[in-house]
Amino acid sequence: MTTVTESDIKELKDLILAFREDVDRRFEQVDARFEQIDSRFDEVKVELNGIDKRLTVIENRLEDWKPAMSKISDLAEKVGELKNWKQIGLVFVTAVISSIFSGTIGGVIGWLIRSGKA
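Conventions and cut-offs
Residues numbered from 1 in each chain as written. Predicted model: local features only at pLDDT ≥ 70, side-chain atom pairs only at ≥ 80, totals over all residues. Heavy atoms only, no water. Helix = DSSP H or I, 4+ residues; strand = E, 2+ residues; numbered from the N terminus. Buried < 20%, exposed > 50% of the residue type's maximum accessible area, 1.4 Å probe, protein only. Areas by Shrake-Rupley, 256 points an atom, 1.4 Å probe, with all protein chains shown as cover. Salt bridge = Lys/Arg side-chain N within 4 Å of Asp/Glu carboxyl O. Patch = residues over 30% accessible without salt bridge, like charges linked within 9 Å, V, L, I, M, F, W, Y side chains within 5 Å. Lys, Arg positive; Asp, Glu negative; His and termini not counted. Charge placed at Lys NZ, Arg CZ, Asp CG, Glu CD. Expected span 1.5 Å × (residues − 1). pLDDT = per-residue confidence, 0-100.

> Sorry, what's going on with the overall build of the protein here?
The helix and strand tally for the protein stands at three helices and zero strands. Per-residue burial over the protein gives 0% buried out of 118 residues. Summing over all exposed atoms, the protein offers an accessible surface of approximately 11,300 Å²; the carbon and sulfur share of this is 65%.

Right, dumping it as structure tokens:
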């Protein structure tokens, strides 16, 4: 029985060694994957730094635009006031009258420059 036991022990040793090699190989694969993940995290960190820089530039621009943006409500109120039909009509009538006067005065001045010759 000694030979059977020795062969069983040798077979068990071989199985343990094979298992150990398999485990070592898998640990190497896991280590390689962790290294890939670490390198990807480094790439993400670099991209985040770039995004942070662009975000600060955008925030600075928004700070510069704040005074103009605060005036938008005032401008909207003035535009709303222009929607009043009476004011629009008054502006239109004033424009027509001023164009008639400027045309008439311009014609008279032109006539005078030509020395009254028709």
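So, next bit.
> Got a minute to help me understand the pattern of salt bridges in this structure?
Any two side chains of opposite charge can pair, given that their charged atoms come close. Summed over the entire model, instances satisfying the criterion amount to four salt bridges. With its nearest N and O atoms 2.3 Å apart, the salt bridge here joins Asp22 to Arg25. Taken together, the residues span about one helical turn, with Asp22 and Arg25 both in helix α1 (residues 2-70) at a distance of three residues. Between Glu63 and Lys66 there is a salt bridge; the shortest N-O distance is 3.4 Å. Of this pair, Glu63 and Lys66 both sit in helix α1, separated by three residues, roughly a single helical turn.

> I would appreciate a short explanation of a negative patch on the surface in the present structure.
Together, Glu21, Asp24, Glu28, Asp31, Glu35, Asp38, Asp42, Glu43 and Glu47 give the surface a local cluster of negative charge. Turning to its location among the elements, Glu21 is positioned in helix α1. A relative accessible area of 57% means that Glu21 is categorised as exposed.

> Can you walk me through helix α3 (residues 85-113) in this structure?
One turn of the α-helix equals 3.6 residues, which is why residues spaced by three or four share an orientation. With 29 residues, α3 should cover 42 Å at 1.5 Å per step; its first-to-last C-alpha distance of 41 Å lies within 8% of that length. Looking one or two places after α3, you find Ser115, whose phi comes out positive at around 70°.

> How should I be thinking about the confidence of the model for the protein in this particular structure?
Low-pLDDT portions of the prediction should not be read for the details of their coordinates. Residues at a pLDDT of 70 or more form 90% of the protein, whose mean pLDDT is 83. At the low end of the mean pLDDT range in the protein sits helix α2 (residues 72-82), at 72; at the high end sits α1, at 87.

> In this structure, what is going on with a nonpolar patch on the surface? I would like to understand it.
A grouping of Phe92, Val93, Val96, Ile97, Ile100, Phe101, Ile105, Ile109 and Ile113 is seen on the molecular surface, where their side chains present a nonpolar patch of about 880 Å² in accessible area. If you trace the backbone, Ile105 turns up in helix α3. Looking at Ile105, the relative accessible area reads 48%, which means it is partly exposed.

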